[in-house]
Amino acid sequence: MRTAVMVAAVVFVLFFSNGLVLGKVDNRGLLNPDLLSVNLTLIPGAAAKGAVCLDGTPPGYHLHPGFGSGANSWVIQLEGGGWCNSIKNCVFRKTTPRGSSKFMEKILAFTGILSNRSEENPDFYNWNRVKLRYCDGASFSGEGQDQANGLFFRGQRIFEAGMEELMEKGMKNADQVLLSGCSAGGLASIIHCDEFRDLFPSTVKVKCMSDAGFFLDAIDAAGGHTLRYFYAGVVGLQGVAKNLPSSCTSHLNPTSCFFPQNLVANIKTPFFLLNAAYDAWQFQESLVPASVDPHGEWKACKFDRSNCNSTQIQFLQDFRMQMLDDIKPLTRSDQNGLFINSCFAHCQTEKQDTWYANDSPLLGNKKIAESVGDWFFDRSPVKAIDCAYPCDKTCHDLIVK
């Protein structure tokens with residue numbers, strides 16, 4: 001049976017002065033004493049390297065050590081949380097956890113792929129599990145500064161300082177590693193995948209995964225390019241161009257190279273893409289943002305897909321078809337994996353109900369956690385692409401008020 005998660009828009013999406021910033025869907029886990037709670041660690045020496053959050057504070061991470069057979073295995077989860085594309089947006093963002101470690105939660109609950117319970121996370125429960133906090137606003141890829149407004153665009157340095165810190169914590173001895181990320185962190189895992197692979201000897205098994213990070217350069221409901229315009233601001237303001245893969249920037253402009261559809265064909269490291277074909281965030285904020293729907297013609301449809309008319313459904317089906325076309329490069333190599341379910345969801349690895357639970361989403365009778373494990377451990381090929389909406393009855397859809 002389809003599960004609908006009712007989430008207030010003010011919780012699901014935070015609007016940072018015209019900025020697109022994804023907020024947390026559910027903080028209730030922090031109140032549950034049965035869940036694993038992991039303390040924030042600030043990266044020592046990061047500030048001396050200029051690896052700082054938007055406001056100049058040091059970046060941080062949460063690490064729960066591995067044990068037993070997983071003591072030398074690592075999964076790194078890059079946190080998501082949108083972007084900032086203007087001075088105004090970034091100045092506001094530095095007063096939030098996505099721009100300053102002063103405001104970060106000091107304790108996070110580790111669930112889903114970060115859980116330490118085999119019944120919740122069968123393949124990675126005893127690994128070293130890390131969440132690298134996101135406080136730059138450019139998917140860990142910026143390099144610059146705005147002194148007049150006290151802004152530091154140092155996402156690339158934060159990524160490098162984080163990896164150096166984790167190497168010192170034992171990752172240099174890893175025998176297998178998975179770099180993952182959700183949303184803006186999923187985009188970061190795409191951008192940094194091969195760079196991450198190069199940190200390790202060839203004998204180490206290294207793979208990458210993006211969860212809800214495949215943001216499309218798609219036409220919005222008014223015929224414009226909302227996300228392309230927004231990304232141009234992010235890339236230009238934060239000096240992202242110099243840190244994007246040269247395999248893309250050698251023939252496309254930097255904004256185009258911030259879109260995964262122009263990056264995935266050149267990723268050499270084994271890569272897994274987990275994405276909802278009707279990604280809830282993209283539907284709400286880049287396909288049909290309020291700015292392109294002044295008369296509210298999409299309001300009922302955005303709240304509940306059963307209210308969509310035939311024209312609106314076709315628009316969403318066209319978006320799905322564009323995604324399936326853009327991911328074709330990933331299907332051509334046996335080393336890559338796919339799990340594209342026809343859900344209105346966003347970030348399915350970090351939430352227990354979508355990662356591995358009794359009623360988790362299924363494709364080919366396999367849950368997401370099982371599919372990711374089969375791919376990582378080479379147990380079987382995983383190229384799972386769902387039929388079109390509304391055929392999948394196992395989705396945990398996000399319905400936004």
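In case you missed it, the structure is sitting above this.
Here the residue numbering is sequential within each chain, running from 1 through the sequence in written order. Totals for whole chains, interfaces and linings use all residues, but because this is a predicted model, local features are given only for residues with pLDDT of at least 70 and pairs of side-chain atoms are given and counted only at 80 or more. Hydrogens and waters are ignored; side-chain quantities use all the structure's heavy atoms.

*Asks:* In this structure, what is going on with the pairing of strand S4 (residues 36-42)? I would like to understand it.
*Replies:* Within a regular strand, the side chains alternate between the two sheet faces. Both S4 and strand S7 (residues 107-110) contribute to a ladder of four bridges, which runs antiparallel. Bridging across to S7, Val 38 finds its partner in Leu 108. As paired elements, S4 and strand S5 (residues 60-64) share three bridges and run antiparallel to each other. Residue Leu 42 lies in a different strand from S5, and its bridge partner there is Gly 60. Any two strands with at least two DSSP-identified bridges between them are counted as paired. For helices the rule is a DSSP run of H or I covering at least 4 residues; for strands it is a run of E covering at least 2, with both sets numbered from the N terminus onward.

*Asks:* What is the right way to look at the state of the cysteines in this model?
*Replies:* By definition, a disulfide links two cysteine residues through a covalent bond between their sulfur atoms. Cysteine sulfur atoms are paired as a disulfide whenever they come within 2.5 Å of each other. This model, assessed by the stated rule, comprises eight disulfides. Across the disulfide from Cys 182 sits Cys 347; the S-S distance is 1.7 Å. Between Cys 182 and Cys 347 the sulfur-sulfur dihedral comes to about 85°; the bridge is accordingly right-handed. Highlighted residues: Cys 182 in the loop between strand S11 (176-181) and helix H4 (184-197) and Cys 347 in the loop between strand S14 (337-341) and helix H11 (352-355), separated in sequence by 165 residues. Take Cys 182 and Cys 347: they sit in the same class, and that class is buried. Working definition: with a 1.4 Å probe on protein chains only, accessible area under 20% of the residue-type maximum means buried, over 50% means exposed, and in between means partly exposed.

*Asks:* How do you make sense of helix H5 (residues 226-238) when you look at a structure like this?
*Replies:* Residues that lie three or four places apart on an α-helix share one face, since the helix turns once every 3.6 residues. Its 13 residues give H5 an end-to-end C-alpha distance of 19 Å, which sits within 8% of 18 Å, the value for a rise of 1.5 Å per residue. Listed in full, the buried residues belonging to H5 are Thr 226, Leu 227, Phe 230, Tyr 231, Gly 233, Val 234, Val 235 and Gln 238. Among the residues trailing H5, Gly 239 stands out with phi positive, at a value near 65°. Expected helix span is taken as 1.5 Å per residue step, with the number of steps being one fewer than the number of residues.

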